[in-house]
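# Report on the structure
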Amino acid sequence: MNLRTWTRPCGRGAARVGIALALAFCAFGRIAPAEAQSDEPPPSMEKVAADLKSTDPKVRRQGADTLHELMDWLDRAVIQAEAVKSAPDFARIALSDPDATVKAEVAEALPLCGEAALPELLQALAGADPALRARAAFLLRAFAPHSAKTLPALIKAASDPDPTVRVAALDV
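Keep in mind that what you see is a predicted model, and the values were worked out from it rather than measured. (Residues numbered from 1 in each chain as written. Predicted model: local features only at pLDDT ≥ 70, side-chain atom pairs only at ≥ 80, totals over all residues. Heavy atoms only, no water.)

## Quick notes on the side chain of Ser-147
Counted only if it meets this: Each helix corresponds to a stretch of at least 4 residues labelled H or I by DSSP, and each strand to a stretch of at least 2 residues labelled E; elements are numbered beginning at the N terminus. For each residue, the accessible area found with a 1.4 Å probe, counting protein chains only, is set against the maximum for its type, and the residue is called buried under 20%, exposed over 50%, and partly exposed in between.
Tracing the backbone shows Ser-147 in the loop between helix 9 (130-140) and helix 10 (150-157). Using a relative accessible area of 5% as the deciding quantity, one classes Ser-147 as buried.

Have a look at this one:
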């Protein structure tokens, strides 16, 4: 269905509303304009993981953006099965990438990795760097309702000598 057939039976005012709605949906990413639609398959999770490991900040950010888009458009089970393979890498990136946007977008995808991401996060929580421990505690909170391993670690982090770690662990 194109925009013309969608608005033809209506009067001029309704046509304007229809056009405005279509543009709003395109602007918010709900439907893609015809020229942006592609028959190409989405990038593989391996490609996204490789982009996220790049030394080039632009490539890492592009990988994070692609990961975010995949989360929006692909079936959760499909992306979860692929994300588990890259879980340790995703956990390391979510903990310590120098780009805050990359860190945040990968952190949002981290729960899709399931328990495969936990060893990296638990290791960081036990590390010496307080900022890394706080970040690990923050990320582990997303796993707390679903994993028996995270709750004891967060309880232990609640008595950490660093107040930032305690806040990150307790702010559930």
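After that view of the structure, there is still more to cover.
## Let's talk about the pattern of salt bridges
Oppositely charged side chains can pair when the atoms bearing their charge come close. In plain terms, the rule: Throughout this description, the term salt bridge denotes a Lys or Arg side-chain nitrogen within 4 Å of a carboxyl oxygen of Asp or Glu.
Within this structure, the stated rule accounts for eight salt bridges. Glu-120 is the salt-bridge partner of Arg-92, the closest N and O atoms lying 2.8 Å from each other. With a gap of 28 residues between them, Arg-92 in helix 6 (residues 87-96) and Glu-120 in helix 8 (residues 118-125) connect regions that are remote in the sequence. Classification of Arg-92 as partly exposed rests on a relative accessible area of 38%. In this structure, Lys-149 and Glu-115 form a salt bridge, with 3.8 Å as the shortest nitrogen-oxygen distance. With Lys-149 in the loop between helix 9 and helix 10 and Glu-115 in the loop between helix 7 (100-109) and helix 8, this residue pair connects regions lying 34 residues apart in the sequence. Ionic contacts of the salt-bridge type, sharing partners, join the residues Lys-53, Asp-89, Arg-92 and Glu-120 into one network.

## Quick word on a negative patch on the surface
Put simply, the rule reads: Nonpolar side chains (Val, Leu, Ile, Met, Phe, Trp, Tyr) within 5 Å and like charges within 9 Å form the patches, drawn only from residues with over 30% relative accessible area and no salt bridge. Surface accessibility follows the Shrake-Rupley procedure with a 1.4 Å probe radius. Residue values consider only the protein chains on display as shielding. This count recognises Lys and Arg as positive and Asp and Glu as negative, with His and chain-terminal groups excluded. To locate a charge, take atom NZ for lysine, CZ for arginine, CG for aspartate or CD for glutamate.
The grouping of Asp-65, Glu-69, Asp-72 and Glu-108 at the surface amounts to a negative patch. The biggest single contributor to the negative patch is helix 4 (residues 57-73), with three residues. Summarising the element assignment, Asp-65 is placed in helix 4. Asp-65 sits in the partly exposed class, given a relative accessible area of 31%.

## Comments concerning the packing of helix 6 against helix 9
Each pair of packed helices can be summarised by the angle the axes make with each other and by the distance between the axes. Where we set the bar: Structural elements are reduced to axes, namely lines fitted to C-alpha atoms, with helices fitted over the stretch in contact, and the angle between N-to-C directions of any two is expressed from 0 to 180 degrees. Throughout this description, any angle smaller than 35 degrees is read as roughly parallel, any larger than 145 degrees as roughly antiparallel, any in the 65 to 115 degree range as roughly perpendicular, and the remainder as oblique. Crossing chirality is assigned from the near helix's rotation relative to the far helix, an anticlockwise turn below a right angle marking it left-handed and a clockwise turn marking it right-handed. Contacts were defined at the residue level, with two residues in contact if any of their heavy atoms lie within 4.5 Å.
Where helix 6 meets helix 9, the axes come as close as 9 Å, and the angle between the chain directions of the two elements is 120°. Accordingly, the angle class assigned to the pair helix 6 and helix 9 is oblique. Where helix 6 crosses over helix 9, the handedness of that crossing is right-handed. Here Ala-94, Leu-95 and Ser-96 of helix 6 lie close against helix 9, whose contacting residues are Leu-132, Arg-135, Ala-136 and Leu-139.

## With respect to the nonpolar core
What counts, and what does not: The definition of a nonpolar core used throughout is a set of buried Ala, Val, Leu, Ile, Met, Phe, Trp, Tyr and Cys residues joined through side-chain atoms within 4.5 Å.
Ranked by internal contacts, the top residues of the largest apolar core, which has 39 residues, are Leu-52, Leu-67, Phe-90, Val-106, Leu-110 and Leu-121. Mapped by element, the contributors of at least two residues to this core are helix 3 (45-52), helix 4, helix 6, helix 7, helix 8, helix 9, helix 10 and helix 11 (163-170). The leading source of residues in this core is helix 6, at six residues. In this view, Val-106 contacts Leu-52, Leu-67, Phe-90, Ile-93 and Ala-94; residues no more than four positions away in its chain are not counted.

Interpretation note: all reported values are geometric properties and have no functional meaning in isolation.
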